[in-house]
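Here is how the chains run, residue by residue.
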Amino acid sequence: MIVKRKVVLLMLALLSLAAIAAEAPVQPGVYVTEGGWGVLKVVRAKNGATTFDIEAMGGNAHSCSLDGEIRNGRAVLEALDKDKPCTVTFSDIDSGVRVGVTKESAYPACRYFCGMRAEFEGEYLKPPSGCAPAEIKRTREEFKRLYDRKEYAAARAKLEPASGNCGKFIDWLDTGWMRNDLALAQLRAGDAATCLRTLEPLAKDAAKSDTQIAMDMVAPTDVDNWLPVVKAARTNLKLCSATPKK
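**Q** Could you give an account of unusual backbone geometry, with specific residues and numbers?
**A** Positive phi is not limited to glycine here, since Ala61 has a value of about 65°. The residue Ala61 is located in the loop between β3 (50–57) and β4 (63–70) in this model. Residue class for Ala61 comes out partly exposed when judged on its relative accessible area of 39%. The backbone of Lys150 sits at a positive phi, close to 65°, despite the residue not being glycine. Locating Lys150 in the fold gives a position in the loop between α2 (133–148) and α3 (152–165). In this structure Lys150 comes out as exposed when scored by relative accessible area, which is 62%.

Below is the structure:
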């Protein structure tokens, strides 16, 4: 009897700890999905309230935008029907926050905040230092200043770490443009071989016609956004291929 009682007490204690963990407030910070399609910002106000903001991008430039206050791991947001709110859930995971919705509010309440081809549910991860969206933006701006001053080696050194370390947190369009920018800096710094390696992930699309790319991608806005990246890659591949390799 004593042993059984101890087991029961232990189980109750574990359940209590799990409940406490589930209700633990989401830590303030910036969280990004793999692929960079979603960004979650969590802020703790002076009055103790925890607020959030989510911006997520889907296909054909459709997007989600929502914000509110998190209480006990949930945020209740007024949607199209005031009597049927969208309830967003937040739960801690090892590397960040999992964002979901309750079953009863998944559709249509929570769809109210998104375009047809976009969604915001998923795992939002804590990016490494230098990889948050604002930090990537600053890095790219500094890269451009260095490149415009023809300080190509310094420009390369500025962008290379971000391109390598932050790749999983950058969206597909920015990844394409960053590859083009970095490849040119590598070429101007005298490293045509590395320029070609940097552009290799873009080479397959660069070898296709614009018509084939449009047929493959289908979504018109995605095509319009991607073709300039591909056209730049075609030019840069020719430049790097024409330069003697060291």
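Okay, back to it.
**Q** Outline the pattern of salt bridges, listing residues and values.
**A** Counted according to the given criterion, the structure contains 13 salt bridges. Here Asp216 makes a salt bridge to Lys208, at a shortest N to O gap of 2.9 Å. In this structure, Asp210 engages Arg234 in a salt bridge whose closest nitrogen and oxygen atoms are separated by 2.9 Å. One end of the pair, Asp210, is in helix α6 (residues 210–217); the other, Arg234, is in helix α7 (residues 220–242), and 24 residues separate them in sequence. Note on Asp210: relative accessible area 28%, which makes it partly exposed. What you see here is one network of salt bridges that share partners, running through Arg156, Glu160 and Asp191.

**Q** Which residues make up the nonpolar core, and what values go with them?
**A** Ranked by size, the top nonpolar core spans 32 residues in total, and within it Tyr147, Leu199 and Trp226 carry the most contacts. Elements represented by at least two residues in this core include exactly α2, α3, α4 (172–188), α5 (192–206) and α7. Among the elements that line this core, the one with the most residues is α7, at eight residues. Setting aside residues no more than four positions away along its own chain, Trp226 makes contact with Trp172, Leu173, Gly176, Leu202, Asp205, Ile213 and Met217. In this structure, Cys64, Cys86, Phe113 and Ala118 belong to the second largest nonpolar core, which totals 26 residues.

Rules of the game
- Residues numbered from 1 in each chain as written.
- Predicted model: local features only at pLDDT ≥ 70, side-chain atom pairs only at ≥ 80, totals over all residues.
- Heavy atoms only, no water.
- Helix = DSSP H or I, 4+ residues; strand = E, 2+ residues; numbered from the N terminus.
- Buried < 20%, exposed > 50% of the residue type's maximum accessible area, 1.4 Å probe, protein only.
- Salt bridge = Lys/Arg side-chain N within 4 Å of Asp/Glu carboxyl O.
- Core = buried A, V, L, I, M, F, W, Y, C linked by side-chain atoms within 4.5 Å.
- Contact = heavy atoms within 4.5 Å.

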